[in-house]
Amino acid sequence: MGMRLRHNEWQRQLRKFIMHPVTEIMAIVALVLVALAILVMVESRLIASPEAPVVFSPK
C-alpha cells in the first residue's frame, strides 16, 4: 500500500514541487534567460536598420 497513491496524493506532490524554493528560483532564471534571448534577437535585427542610432550602427 506504500506505493499506491491516494486520490489527492498527486495534487499534494505537485503543490509540494511548485512551492519548493528551488523551483521558484529556476523559474525566475528561465524567465530571465528567455527575456535575454528575445532582447538579443530583437537588437540584432534592429542593428542593421536605418533607424539605428549612429553609436550602434556598424558604419
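Residues numbered from 1 in each chain as written. Predicted model: local features only at pLDDT ≥ 70, side-chain atom pairs only at ≥ 80, totals over all residues. Heavy atoms only, no water.

### Here we look at the overall build of the protein chain
Thought 1: Of regular secondary structure, the protein chain possesses 2 helices and 0 strands.
Thought 2: Burial analysis of the protein chain (59 residues in total) assigns 7% to the buried set.
Thought 3: Accessible surface, the protein chain as shown: approximately 6,000 Å² in total, 73% of it carbon and sulfur. (Helix = DSSP H or I, 4+ residues; strand = E, 2+ residues; numbered from the N terminus. Buried < 20%, exposed > 50% of the residue type's maximum accessible area, 1.4 Å probe, protein only. Areas by Shrake-Rupley, 256 points an atom, 1.4 Å probe, with all protein chains shown as cover.)

### Quick look at a nonpolar patch on the surface
Thought 1: A cluster of nonpolar side chains, Ile25, Val29, Leu33, Leu36, Leu39 and Val40, forms an exposed patch at the surface whose accessible area comes to about 560 Å².
Thought 2: Tracing the backbone shows Leu39 in helix H2 (residues 21-46). (Patch = residues over 30% accessible without salt bridge, like charges linked within 9 Å, V, L, I, M, F, W, Y side chains within 5 Å. Salt bridge = Lys/Arg side-chain N within 4 Å of Asp/Glu carboxyl O.)

### Focus on the side chain of Glu9
Thought 1: Considering the arrangement of structural elements, one finds Glu9 in helix H1 (residues 9-18).
Thought 2: For Glu9, a relative accessible area of 10% puts it in the buried group.
Thought 3: Within the local environment of Glu9, its side chain forms a polar contact with the side chain of Arg12, the two groups lying 2.7 Å apart. (Polar contact = N/O pair within 3.5 Å; in protein donor to acceptor, adjacent residues only side chain to side chain.)

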